[in-house]
There are 2 protein chains.
Amino acid sequence: MTTLSPERYKGLLVIQDGIGDRPIEVLGGKTPLEAASTPHMDALIGHGISGIMDIVAPGIKVGTDVGHLALFGQDISAGSYGRGPMEAAGVGIALEKGDVAMRFNFATVDETFHVLDRRAGRIRAGTDLLTASLNEIRLEDGVEVLFRPATEHRGVLVLRGNQLSDQISDSDPGDRDRGRVQEVRPLIDHPDAHRTARLVNELVRKSYQVLQPHAVNRQRQNEGKPSANIILTRGAGAGRPYINLSEKLGRKVACISGESTVLGIAHLSGADPIVTGSMTANLDTNLPEKASRAVEALRDYDLVYLHLKGCDIAGHDGQPELKKQFIEQTDKMVGEIRRQVEGRNLYFAFAGDHSTPCALGEHSGDPVPVFLSGPDVRIDQVQKYGERPCAQGGLGRIRCRDFLATLFDYLRV
Amino acid sequence: MTTLSPERYKGLLVIQDGIGDRPIEVLGGKTPLEAASTPHMDALIGHGISGIMDIVAPGIKVGTDVGHLALFGQDISAGSYGRGPMEAAGVGIALEKGDVAMRFNFATVDETFHVLDRRAGRIRAGTDLLTASLNEIRLEDGVEVLFRPATEHRGVLVLRGNQLSDQISDSDPGDRDRGRVQEVRPLIDHPDAHRTARLVNELVRKSYQVLQPHAVNRQRQNEGKPSANIILTRGAGAGRPYINLSEKLGRKVACISGESTVLGIAHLSGADPIVTGSMTANLDTNLPEKASRAVEALRDYDLVYLHLKGCDIAGHDGQPELKKQFIEQTDKMVGEIRRQVEGRNLYFAFAGDHSTPCALGEHSGDPVPVFLSGPDVRIDQVQKYGERPCAQGGLGRIRCRDFLATLFDYLRV
């Protein structure tokens, strides 16, 4: 049992990625969260104040990146932060001035560069070996290339050198266009952008030459799995300054997550990333491990973010039952944390970064249900964690920055 | 009985300073407002539309100054208005261009300038005599000094002359640091700021020489009360233009209050201040007097602000029972006003400038409960004035400027 010091108010902010949903027929017209049995979260919400939250504004859908930027107190109204730099931070690469970072997926293409599987069968094993081989690729003098694997089929590519630009398009055709690998184009008419686009196109072509005959892929073919025979790049960015949340609050902040994007944003926002090998950013993440790390972190930190990706995965895959089950598993995790932590000075906060309705299979602009539970909140009548119960709650409908400010106000920062 | 003219719509806006609170155990988990018996306000809210209001945004706590600036229709997003100039206006000093105004407290220090009591035992009697002696202090040529007493231990200091700057720090160490009297420092590296800081430091030192042996303090010592033997300055400001609410609305506006900050903001916002000697800006203010002045003012004015400080005082002092009792007394005052005023064209509005939860003893970012009652509002189901009933009201959760705009819209401005 961890008893928190009485002098300081602490907060545990549980972020269920993609938790928001819409009513689903097979769940009797309920959302997965409404349909789930969640006794532990309900016990908290019964002593809490709830509401519905828009990350940017009602009806505006956001990605995991923007959702988490907002949740980590960044000013998302100020334009793009660049996905590449976040991912680079997530895998521990400190960008230097002039670097251009982008994300990549290992993907499966045929010999005419038609994309057969944008995620190479969600490859897990062997990406370190594939990446090591990619790092042997040489470009022209003065440009260094750095590949780094991230979770599953994801990775980070950093170009280092002079006269580079992040104003380039993606080679990844995206989910909606399973056509050919896209030619990377400069987004502005500047020599640096033209040059960087040319270099990335060269890298994509060379990646096929390196990966197609790779031993890891010969093995995958033998096992009937799709080859990870190319990289698809996206989200080039040169990085920009982040607000340091920890400094701003004068409090120690940590983030537990298995997802590199989230860890990257946390790191760039001044929160210490906490991750272990069994945190997968998927439905099979090690929830008991996350619970015990959260309990541990609450000793040393004032504010702990606990990120769970499962709902988003189930939402993208159109699996309401899986989403409901994952919520029920996380509820058990919450119960475990409550059994191990006590203290009159602990606030629980529950939120999401966006909605991922199963029927859509992608993000939507629906608000996410949120609540705050702890000493002296204005407890409202809401008894069940869910989209529609929370819409009746005492917080009303609020923006992400306002929800955060309310949490920080409770923490007496 | 005052019967209002049928041609014009009139409004009485009752501002309970610091009314918002959090659930309190000794009140059975209710807030002081929820626990209070408020039949007259409930009769109004039963024919009204209610909501919860954020002055700036959810979770953002504000001072009485910013709260009232917002309530008087000023644009608080545009940065600091300077507390000194407000206080100066509150005691009837019209600032001239180049003047620097600041607030001061009479305080008690020992001979090494350690602060023993930041408010000199909340001194009331004798501050006029002390101030008269302070006004005999002479600084260098070309700088005029003007001390003026305000409520209780508070006062206003104005420096008049050329080459002065409001970019200086406070000599008041504040509530959180009961250390020594602070050396006033320039906040910018400009000769005017250096000079003004030096002059204020000189004034603080001289105030001790004048006040320490003062007859008023000899008398206080005999009575066992702390000496008001120094001034602590804060909130220097040169003033800035205010929106004239009266002109903007094309309506006559008045403000009844016993607090100089509020009266100052009212005056600067184009509202006529109404104050008499028995209005104390404390729990012992003369509520029947405020009621009769309100009734009187509603004859001549279109919009009357009625400010009550008691809830804030009780909140700061951590006294939930006192806060509840003060609310019950104000409810009787409301009943008295209703008995004396009738008219189909009168709107009652109830609001606060911020929350001051008793358990915190300071302001918080919690929203304040509000309502509007009068002809043709969309009456909602709320029957009791309180934080949580109002959170279910028909106005929803709104910002101060939006609440004001709604009131003005009812007034047909």
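Residues numbered from 1 in each chain as written. Chains lettered and ligands numbered in written order. Predicted model: local features only at pLDDT ≥ 70, side-chain atom pairs only at ≥ 80, totals over all residues. Heavy atoms only, no water.

Overview of empty space enclosed by the protein
1) Next: Counted under the stated rule, the structure contains four cavities of 30 Å³ or more.
2) Next: Of the volumes computed, that of the largest cavity is approximately 110 Å³.
3) Next: Ile-49, Arg-378 and Gly-394 of chain A together with Ile-52 and Pro-367 of chain B are the residues nearest the centre of the largest cavity, which is lined by 15 residues in total.
4) Next: Of all the secondary-structure elements, those providing two or more residues to the lining of the largest cavity are α14 (400–410) of chain A together with α13 (387–391) of chain B.
5) Next: If one sorts the elements of the lining of the largest cavity by residue count, α13 of chain B sits on top with three residues.
6) Next: Taken together, the residues of the lining of the largest cavity break down into six nonpolar, four polar and five charged.
7) Next: Volume-wise, the second largest cavity comes out at about 70 Å³. (1 Å grid on protein atoms, 1.4 Å probe; cavity = no way out; pocket = protein on both sides within 12 Å on 5 of 7 lines; lining within 4 Å. Points joined across faces, edges and corners; volume = space filled by probe spheres on them. Helix = DSSP H or I, 4+ residues; strand = E, 2+ residues; numbered from the N terminus. Nonpolar A, V, L, I, M, F, W, Y, C, P; charged D, E, K, R; others polar.)

Topic: the sheet that holds strand β3 (residues 48–54) of chain B
Residues and elements named next belong to chain B.
1) Next: Here we have eight strands laid out as an open sheet, ordered β10-β9-β11-β2-β13-β14-β3-β15, and mixed in their pairing. Strand pairing shows two members of the sheet lacking a second neighbour, β10 (272–274) and β15 (396–399), which therefore form its edges. The mean inter-strand angle of the sheet, taken between neighbouring strand axes irrespective of direction, is 25°.
2) Next: With three bridges connecting them, strand β13 (residues 346–351) and strand β14 (residues 368–373) associate as antiparallel partners. By the bridge assignment, Phe-350 is partnered in β14 with Phe-371. (Pairing = 2+ DSSP bridges. Axes fitted to C-alpha atoms, helices over the stretch in contact; angles between N-to-C directions.)

Observations concerning unusual backbone geometry
1) Next: For Glu-152 of chain A, which is not glycine, the phi dihedral falls at a positive 50°.
2) Next: Take Glu-152 of chain A: it is sitting in the loop between β6 (143–149) and β7 (154–161).
3) Next: By relative accessible area, Glu-152 of chain A is classed as buried at 9%.
4) Next: Residue Asp-376 of chain B is not a glycine yet carries a positive backbone phi of 60°. (Buried < 20%, exposed > 50% of the residue type's maximum accessible area, 1.4 Å probe, protein only.)

Points about the packing of aromatic side chains
1) Next: Under the counting rule described, the total for this entry stands at 18 aromatic pairs over all chains.
2) Next: Measuring from centroid to centroid gives 5.6 Å for Phe-104 of chain A and Phe-147 of chain A, while their planes differ by 75°, and the two rings are edge-to-face. Here the residue Phe-104 of chain A occupies a position in strand β4 (residues 100–109), and Phe-147 of chain A occupies one in strand β6, the gap between them amounting to 43 residues.
3) Next: When the ring of Phe-72 of chain B is compared with that of Tyr-305 of chain B, the centres are 4.0 Å apart and the planes differ by 20°; the resulting orientation is stacked. Of this pair, Phe-72 of chain B sits in the loop between α3 (64–71) and α4 (83–90) while Tyr-305 of chain B sits in strand β11 (residues 303–308), and the two are 233 residues apart along the sequence.
4) Next: Positioned above the aromatic ring of Tyr-301 of chain A, the side-chain terminus of Lys-252 of chain A is 4.8 Å from the ring centre. (Phe/Tyr/Trp six-rings, centres within 6.5 Å; stacked < 30°, edge-to-face > 60°. Lys NZ or Arg CZ within 6 Å of the ring centre and 35° of its normal.)

A few points about the relation of the copies chain A and chain B
1) Next: Least-squares fitting of chain A to chain B yields an RMSD of 0.2 Å, with the transformation described by 0.2 Å of translation along the axis and a rotation of 122°. Given the turn and translation reported, the copies of this chain are related as if by a three-fold rotation axis. Residues of chain A ranked by C-alpha distance from the rotation axis are headed by Gly-396 of chain A, positioned 4.0 Å from it. (Least-squares fit on C-alpha atoms with pLDDT ≥ 70 in both.)

Quick word on the confidence of the model for chain A
1) Next: For chain A, mean pLDDT is 93; residues scoring 70 or higher make up 97% of the total.
2) Next: Two numbers describe this predicted complex: its pTM, 0.82, and its ipTM, 0.79. (pLDDT = per-residue confidence, 0-100.)

Remarks on the pairing of β7 of chain A
Residues and elements named next belong to chain A.
1) Next: Summarising burial for β7: seven of the eight residues are buried, a large majority.
2) Next: The sheet contact formed by β4 and β7 spans six bridges and is antiparallel. Following the sheet pairing, Asn-105 is matched in β7 by Arg-154.
3) Next: In terms of strand pairing, β6 meets β7 through seven bridges, oriented antiparallel. Opposite Val-143, over in β7, you have Gly-161 as the bridge partner.
4) Next: Linking two consecutive strands that pair antiparallel, namely β6 and β7, is a turn of four residues; a positive phi of about 50° is found at Glu-152 within it.

Overview of the sheet that holds strand β9 (residues 253–256) of chain A
Residues and elements named next belong to chain A.
1) Next: Across the sheet, eight strands lie side by side as β10-β9-β11-β2-β13-β14-β3-β15; this open sheet has mixed pairing. Of all the strands in the sheet, just β10 (272–274) and β15 (396–399) have a single pairing partner and so form its edges. Taken pair by pair, the neighbouring strands of this sheet meet at an average axis angle of 25°, ignoring direction.
2) Next: Pairing of strand β3 (residues 48–54) with strand β14 (residues 368–373), which is carried by six bridges, proceeds in the antiparallel orientation. For Met-53, the partnering residue across the bridge sits in β14 and is Val-368.

Overview of the pairing of β3 of chain A
Residue and element names in this part refer to chain A.
1) Next: Counting buried positions over the seven residues of β3 gives seven, a clear majority of the element.
2) Next: Because side chains alternate across β3, one face comprises the buried residues Gly-48, Ser-50, Ile-52 and Asp-54, and the other comprises Ile-49, Gly-51 and Met-53, equally buried.
3) Next: Two strands pair when backbone bridges link them, and β3 and β15 are joined in this way by four bridges, in the parallel orientation. If you follow Gly-51 over to β15, its bridge partner there is Gly-396.

What about the interface of chain A and chain B?
When the parts of a complex come together, some accessible area is lost, and that lost area is often used as the size of the interface.
1) Next: In this complex, chain A contributes 17 residues to the contact, which on the side of chain B involves 22 residues.
2) Next: Contact with chain B buries surface across chain A, with Asp-376, Arg-378 and Asp-409 of chain A losing the most and accounting together for 44% of the total.
3) Next: The interface formed by chain A and chain B includes three salt bridges.
4) Next: With a closest N to O distance of 3.2 Å, Asp-376 of chain A and Arg-22 of chain B form a salt bridge.
5) Next: In this assembly, chain A and chain B are joined by 11 residue pairs in polar contact (both at pLDDT 80 or more).
6) Next: For the side of chain A that touches chain B, the element with the highest residue contribution is α14 of chain A, accounting for five residues. (Contact = heavy atoms within 4.5 Å. Buried area = accessible area lost by both parts, 1.4 Å probe. Salt bridge = Lys/Arg side-chain N within 4 Å of Asp/Glu carboxyl O. Polar contact = N/O pair within 3.5 Å; in protein donor to acceptor, adjacent residues only side chain to side chain.)

What to know about the side chain of Thr-285 of chain A
Residues and elements named next belong to chain A.
1) Next: Within the element layout of this structure, Thr-285 appears in the loop between β10 and α10 (287–300).
2) Next: Under the relative-accessibility criterion, Thr-285 is labelled buried at 7%.
3) Next: In this structure Thr-285 touches Ser-278, Met-279, Thr-280, Lys-290 and Phe-326, once residues within four positions along its chain are discounted.

A closer look at the pattern of salt bridges
1) Next: Per the stated rule, a full pass over the model turns up 58 salt bridges over all chains.
2) Next: Between Arg-388 of chain A and Glu-34 of chain A there is a salt bridge, with its nearest N and O atoms 2.6 Å apart. One end of the pair, Arg-388 of chain A, is in helix α13 (residues 387–390); the other, Glu-34 of chain A, is in helix α1 (residues 32–35), and 354 residues separate them in sequence.
3) Next: Overall, Arg-388 of chain A belongs to the partly exposed group, its relative accessible area being 42%.
4) Next: Among the salt bridges present, the one from Glu-87 of chain B reaches Arg-83 of chain B, with a minimum N-O distance of 3.5 Å.

With respect to the state of the cysteines
1) Next: All told, the structure shown has zero disulfides over all chains when counted by the stated rule.
2) Next: Cysteine Cys-390 of chain A remains unbridged, with the sulfur of Cys-311 of chain A as its closest cysteine sulfur at 14 Å. (Disulfide = S-S within 2.5 Å.)

Here's the deal with the packing of α10 of chain A against helix α12 (residues 320–340) of chain A
Residue and element names in this part refer to chain A.
1) Next: In the contact formed by α10 and α12, the axes pass within 9 Å of each other and the chain directions differ by 35°. For the pair α10 and α12, the crossing hand works out as right-handed. Mapping the contact onto sequence places Leu-287, Lys-290, Ala-291, Ala-294 and Val-295 in α10 and Phe-326, Gln-329, Thr-330, Met-333, Glu-336, Ile-337 and Gln-340 in α12. (Left-handed = near helix turned anticlockwise from the far one by under 90°.)

Remarks on α14 of chain A
1) Next: For α14 of chain A, the tally of buried residues reaches 10 of 11 residues, placing the bulk of the element in the interior.
2) Next: Those residues of α14 of chain A that fall on the buried side of the exposure criterion are Cys-400, Asp-402, Phe-403, Leu-404, Ala-405, Thr-406, Leu-407, Phe-408, Asp-409 and Tyr-410 of chain A.

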